[in-house]
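Letter by letter, the chains look like this.
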Amino acid sequence: MTNPAHHAFTRRGILTAGLSLGATATLAGCGGGKTAGGTAATGPATAAATSYDGPNVALQFWNGFTGGDGAFMKKLVDQFVAEHKNIAISVQTMQWADYYTKLPTAVQAGKGPDVAIMHVDSVATNAARKIIQPLDDVAKALNLSEADFAPVPWKAGIYKDQRYAIPLDVHPLGFFYNKTVMEKAGLDPNKPPMDNDSYMDALDKLKAKGIKGHWATPFPFTGSMGTQSLINQFGGAMFNTEGTQATWNSEQAVKALTWWQDLIKQGYSPAKVAQDADFLALQNGQNAFNWNGIWSLNTLNEKNDLQWGVSRLPNIGGKDAAWAGSHQFVLPVQKSQDANKATAAKVFLNWISQKSLEWAKGGQVPARNEVRDSAEFKALSGQAALAEQVDDLFFPPAVPGIADAFGEYEKGLNEITLGLKDVATVLNASAERATKVLEANAKKYGA
């Protein structure tokens, strides 16, 4: 099963055809310039300056931005090409599921792109498979360090003490609320409940008015993301630090999933919630609260008659924590390294990172501090509200194939949410199955 991080954007649109951008750049020849011969296929990228004044080059840039976010990336690429007449960018955009199949095949055939985007939980897998290059020298050449980025996504790009990715963004879960529905229950629409006591009090008041305030969905969108957040808020974790064992059957996790299941048992949620029905209910005035991804901002902004607000996730379990994904830049392995392309690729990567305010408008929180701290970003009220939790986000350990284990968690979540089965029993069984997946992957990837 595909990881939730990958689901987030495949659901927002399909664009299988590649986009050819930057056609205005005049090329003296594809990849023109000197080639650095003898570079090993698995060797690290060559260090580069922050500007490129060499001969014309054409870069391939692969990503899975098939939804509305794709238009924002296209705008950035167009701007880059306009400012760098000697660098053309050909963008190939595809569904994430196809992307993660095609990228390794292309790299192994010597036909991989020069620059690519990867979800943070896929970095270790592709590093272990030697699909992407180490980037420590790239970060050094571009003068990038943890001081430039939010610490959580910056550290997440490291596998076996080497950097393989440079963060572009984080896309966290947030708390969306319908102000009109809150007012019906006598709640202050400008003061959403932010702790367990106030949250349960609000749900009770909504219930008294015949409103099921928080719909519990069994699907990855957004039940898996929400319950993972709860597990961390209650002091638990999805995996042990080494990523060798699923730990979502801990005492803390049982408390978290019991709270979730009780939403249904105590009548705060319908018993059977269809995919996306929780988000649609928020828009239609059928519920008050919805925990959903930052990508929901632009959808809600288009609803002119909807009175809504957004904030960081409420702290239910006692610890601030929220699920998030992160798009990270990677440089795929090249069988024969072109020094000019390598330099241009780093310039492109760094430039997009610096200009990620435009990317934020598509529903992202920039990983780069200077962008996130800017007045322009803070004017994006929804994104800025969700950025407040940037230090409270969590990612799975950097272990190859760890995304495969989430399928077992989601099976358990389905049993707990739809079947209302005993929480501890279900979590024990699903964690045991997931740990076997991790053990098999350790052998598969030689970890």
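Residues numbered from 1 in each chain as written. Predicted model: local features only at pLDDT ≥ 70, side-chain atom pairs only at ≥ 80, totals over all residues. Heavy atoms only, no water.

Where an unreviewed UniProt entry is consulted, the protein appears under the name ABC transporter substrate-binding protein, with the organism given as Luteococcus peritonei. Reading the Sequence similarities (unreviewed entry) entry of the UniProt record for the protein gives the comment "Belongs to the bacterial solute-binding protein 1 family." (UniProt positions renumbered as here; feature names shortened; annotations may be inferred.)

J.: Sorry, what's going on with the side chain of Gln-389 here?
T.: The residue Gln-389 is located in the loop between helix 17 (381-387) and strand 14 (393-394) in this model. Polar contacts involving the side chain of Gln-389 include one to the main-chain amide nitrogen of Leu-313, which spans 3.2 Å. Excluding anything up to four places from it in sequence, Gln-389 contacts Pro-172, Leu-173, Gly-174, Arg-312, Leu-313 and Ala-322. (Helix = DSSP H or I, 4+ residues; strand = E, 2+ residues; numbered from the N terminus. Polar contact = N/O pair within 3.5 Å; in protein donor to acceptor, adjacent residues only side chain to side chain. Contact = heavy atoms within 4.5 Å.)

J.: Help me understand helix 9 (residues 220-233), please; the structure alone is not making it clear to me.
T.: Given 3.6 residues to a turn, an α-helix orients residues that are three or four positions apart in the same direction. The end-to-end C-alpha distance of helix 9, which contains 14 residues, comes to 18 Å, matching closely the 20 Å that a straight helix rising 1.5 Å per residue would cover. Summarising burial for helix 9: 14 of the 14 residues are buried, a large majority. A positive phi of about 95° marks Gly-235, the residue just after helix 9. (Expected span 1.5 Å × (residues − 1). Buried < 20%, exposed > 50% of the residue type's maximum accessible area, 1.4 Å probe, protein only.)

J.: Explain the environment of Gly-210 here, please?
T.: Assignment of secondary structure puts Gly-210 in the loop between helix 8 (196-208) and helix 9. Since its relative accessible area comes to 67%, Gly-210 is described here as exposed. Considering only alpha carbons, one finds Gly-210 and Gln-286, 76 residues apart in sequence, at a separation of 9.8 Å.

J.: For this particular structure, what's the right way to read the packing of helix 2 (residues 69-83) against helix 13 (residues 339-354)?
T.: Relative orientation and spacing of two packed helices are given, respectively, by the angle between their axes and the distance between those axes. Axis separation between helix 2 and helix 13 bottoms out at 11 Å; the angle between their running directions is 125°. The orientation of helix 2 with respect to helix 13, classified from their angle, is oblique. The handedness of the crossing between helix 2 and helix 13 comes out as right-handed. On the side of helix 2, the interface is formed by Met-73, Leu-76, Val-77, Gln-79, Phe-80 and Glu-83, while helix 13 contributes Val-347, Phe-348, Trp-351 and Ile-352. Classifying every residue of the contact of helix 2 with helix 13 gives 8 nonpolar, 1 polar and 1 charged. (Axes fitted to C-alpha atoms, helices over the stretch in contact; angles between N-to-C directions. Parallel < 35°, antiparallel > 145°, perpendicular 65-115°, else oblique. Left-handed = near helix turned anticlockwise from the far one by under 90°. Nonpolar A, V, L, I, M, F, W, Y, C, P; charged D, E, K, R; others polar.)

J.: Got a minute to help me understand the side chain of Gln-233 in this structure?
T.: By the element assignment, Gln-233 lies in helix 9. By relative accessible area, which is 1% here, Gln-233 ends up buried. Within the structure, Gln-233 has its side chain in polar contact with the backbone oxygen of Pro-314 (distance 2.9 Å). One polar contact links the side chain of Gln-233 to the main-chain amide nitrogen of Gly-317, over a distance of 3.5 Å. The contacts of Gln-233, once residues within four sequence positions are left out, are Leu-313, Pro-314, Asn-315, Ile-316, Gly-317, Gly-318, Lys-319 and Ala-321.

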